[in-house]
Amino acid sequence: TQLLEQSPQFLSIQEGENLTVYCNSSSVFSSLQWYRQEPGEGPVLLVTVVTGGEVKKLKRLTFQFGDARKDSSLHITAAQPGDTGLYLCAGARSNYQLIWGAGTKLIIKP
Amino acid sequence: DAGVIQSPRHEVTEMGQEVTLRCKLISGHNSLFWYRQTMMRGLELLIYFNNNVPIDDSGMPEDRFSAKMPNASFSTLKIQPSEPRDSAVYFCASGQGATDTQYFGPGTRLTVL
């Protein structure tokens, strides 16, 4: 049973387009983290959202945490080839359990 | 800080051989995580240590896998005997709590023939 569903699993778009990646669950999380993993490397934290309804921006990336803290989205504006990678969300269920999504593989074509 | 250090970066071995993966944590971190990543199953948590004590090992596949943390800065993951289905990229990550930011190493790509 996948407790944290990410969609889409794979996305290939042209440079300059916008995109949204989703992370959904039926469970409530105390916080949710987004990581990006580039080929041959480990995941690197992009942002942590904590409050329901919270919106955080990181340059062209906008992260939103759902009001009920069960879902989150990542929106990228004017995607660039450097945005290519595997995007992973991870939800904190308790003080010792982090639940990982399966990831969204994103390819931005020049 | 050099970040989390893993060795070796690549390991190719034959079925039945013992494999030992090594990880050096970031100084000051008290949490250590071992993960396995494959195309089929994604990123799977194998074991989580806090202050050198194993807290959650429910992800360890079977008795062939064992992990130790002999001190606050170093950990090993051992597979004995190894099998082809163990082929994957193994990551360790360190942090300052189970659900705080995790800092990943570069991974060890293991191939069991």
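Residues numbered from 1 in each chain as written. Chains lettered and ligands numbered in written order. Predicted model: local features only at pLDDT ≥ 70, side-chain atom pairs only at ≥ 80, totals over all residues. Heavy atoms only, no water.

Chemist: Mind laying out the side chain of A:Gln33, listing which residues take part and the relevant values?
Modeler: Examined against the element boundaries, A:Gln33 turns out to sit in strand 4 (residues 31-37). Reaching out from A:Gln33, the side chain makes a polar contact with the backbone oxygen of B:Thr99 at a distance of 2.8 Å. Beyond its immediate sequence surroundings of up to four residues, A:Gln33 is in contact with A:Leu45, A:Val47, A:Thr48, A:Leu88, A:Cys89, A:Ala90, A:Leu98, B:Thr99, B:Asp100 and B:Thr101. (Helix = DSSP H or I, 4+ residues; strand = E, 2+ residues; numbered from the N terminus. Polar contact = N/O pair within 3.5 Å; in protein donor to acceptor, adjacent residues only side chain to side chain. Contact = heavy atoms within 4.5 Å.)

Chemist: Help me get a handle on the sheet that holds strand 1 (residues 5-7) of chain B, residues and values and all.
Modeler: All names here are of chain B. Taken in spatial order, the four strands line up as 1-3-8-7 in an open sheet, and their pairing is antiparallel. Of all the strands in the sheet, the pair left with one neighbour each is strand 1 and strand 7 (65-71). Looking at each pair of strands side by side, their axes are set apart by 15 degrees on average, direction ignored. (Pairing = 2+ DSSP bridges. Axes fitted to C-alpha atoms, helices over the stretch in contact; angles between N-to-C directions.)

Chemist: I'd like to hear about the interface of chain B and chain A, residue by residue, with values.
Modeler: Counting from both sides, the interface comprises 14 residues of chain B and, opposite them, 17 residues of chain A. Summed over both sides, the interface between chain B and chain A buries roughly 1,200 Å², with carbon and sulfur atoms accounting for 57% of that surface. Across the contact surface, chain B and chain A share five residue pairs in polar contact (both at pLDDT 80 or more). Looking at the side of chain B that touches chain A, the elements with two or more residues in it are strand 4 (31-38) and strand 5 (42-50) of chain B. Across the side of chain B that touches chain A, the residue classes tally to seven nonpolar, five polar and two charged. (Buried area = accessible area lost by both parts, 1.4 Å probe. Nonpolar A, V, L, I, M, F, W, Y, C, P; charged D, E, K, R; others polar.)

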